[in-house]
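Observations on the model geometry
Next come the chains, spelled out residue by residue.
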Amino acid sequence: MYIISKIQLGPTFRFSKMMKHAFVERVRSKIKTPTKSDPDKPKKRKFKKKPKEEDCGPGVVYVGHIPHGFYEEEIKQYFSQFGKILRMRVARSQKTGNPKGYAFIEFEFESVAKIVAETMNNYLFFEKLLKCEFIPADKLHPTALKYKNGLFLSSDKNRSVQNRFKDVEAITKSKNRRIERLKKLQSFLKEKDIDFDVKSLIPQD
């Protein structure tokens, strides 16, 4: 029995060993062995991918119908989910410092700004529909993203600035500016054949 079993198992054992050897050779043939680079052979230059035309510069979005309480910090925190914000300005009254309900946001890439304008336009936000519009660079006003004196003033600071004590020289300058505006108005009305005397509007001493 021992001899018969050995004779029967022998060919099977040899056949499996041959299959294993063939499998190893097949795997080795598919593995690419690293080759040493030729020092005399010039290296291939790696070219960086050019950025898309729409990503070559920043983009600005106008945001209107901003709800009360949604100011600089809240706007920056909310819109940062779309991309990096470079600059931002919330329009405020020079006299009171209160927001006027609209803002300008500058994103790092123009494509991101377009996505924000398309996504957030007519978006219901605190019972108000936001109005978002992408502003091209050639139509952007130079002072759209600039605060007066570099930073915005709070309501209390604006009131103190506007209601500060004015000396005689400051009052005289303010009066002269108003007279000049009224003279321009008088000439404009005269060109339109409108008879209206603006002398009554000129401040008296």
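First things first, this report covers the structure right here in the doc. These numbers were taken from a predicted model, which means no experiment stands behind them.

Focus on the side chain of Glu72
Here Glu72 shows up in helix α2 (residues 72-79). Here Glu72 falls in the buried class, since its relative accessible area comes to 10%. Of note is the side chain of Glu72, whose polar atom sits 3.0 Å from the side chain of Arg92.

A closer look at the pairing of strand β3 (residues 99-107)
Of the strand pairs in this sheet, strand β1 (residues 59-64) and β3 are connected by 6 bridges, and their pairing is antiparallel. For Val63, the partnering residue across the bridge sits in β3 and is Ala103. As defined by bridge partners, strand β2 (residues 85-92) adjoins β3 across 6 bridges and the pair is classed as antiparallel. Of the residues in β3, the one forming a bridge with Val90 is Ala103.

Some points on the sheet that holds β1
Taken together, 5 strands build an open sheet; the order of strands is β2-β3-β1-β5-β4 and the sheet is antiparallel. At either end of the open sheet lies a strand with only one pairing partner, and these are β2 and β4 (123-125). Strand-to-strand twist in this sheet, taken as the mean axis angle between neighbours without regard to direction, amounts to 25°. Contacts between α2 and the sheet are confined to β1, β2, β3 and β4, with β2 contributing the most and set at about 145° to the helix. The strands touched by helix α3 (residues 110-120) within the sheet are β1, β3, β4 and β5 (128-135), with β5 carrying the most contacts at an inclination of about 150°.

Let's talk about the nonpolar core
Formed by 21 residues in total, the largest nonpolar core has its most connected members in Val61, Val63, Ile75, Phe79, Ile105, Phe107 and Val116. Contributions of two or more residues to this core are made by β1, α2, β2, β3, α3 and β5. The greatest single-element share of this core, amounting to 5 residues, is contributed by α3. Leaving out residues up to four positions away in the same chain, Ile105 has contacts with Gly59, Val60, Val61, Val63, Ile75, Phe79, Ile85, Arg87, Met88 and Leu145. Listed in part, the 5 residues of the second largest apolar core include Val60, Phe104, Ala144 and Leu145.

Topic: the packing of aromatic side chains
One pass over the full model with this rule turns up 10 aromatic pairs. Centre to centre, the rings of Tyr62 and Phe104 are 5.8 Å apart; their planes meet at 55°, and the pair counts as tilted. Highlighted residues: Tyr62 in strand β1 and Phe104 in strand β3, separated in sequence by 42 residues. A relative accessible area of 27% places Tyr62 in the partly exposed class. Note on Phe79 and Phe82: the rings are 6.2 Å apart at their centroids and 35° apart in plane angle, and the pair reads as tilted.

Here we look at the pairing of β1
Of all 6 residues that make up β1, 5 are buried, and the element is covered over most of its length. Where β1 lies against β5, 5 bridges are found, and the strand directions are antiparallel. Paired with Val61 across the two strands is Phe134, which belongs to β5.

The rules we used
Residues numbered from 1 in each chain as written. Predicted model: local features only at pLDDT ≥ 70, side-chain atom pairs only at ≥ 80, totals over all residues. Heavy atoms only, no water. Helix = DSSP H or I, 4+ residues; strand = E, 2+ residues; numbered from the N terminus. Buried < 20%, exposed > 50% of the residue type's maximum accessible area, 1.4 Å probe, protein only. Polar contact = N/O pair within 3.5 Å; in protein donor to acceptor, adjacent residues only side chain to side chain. Pairing = 2+ DSSP bridges. Axes fitted to C-alpha atoms, helices over the stretch in contact; angles between N-to-C directions. Contact = heavy atoms within 4.5 Å. Core = buried A, V, L, I, M, F, W, Y, C linked by side-chain atoms within 4.5 Å. Phe/Tyr/Trp six-rings, centres within 6.5 Å; stacked < 30°, edge-to-face > 60°.

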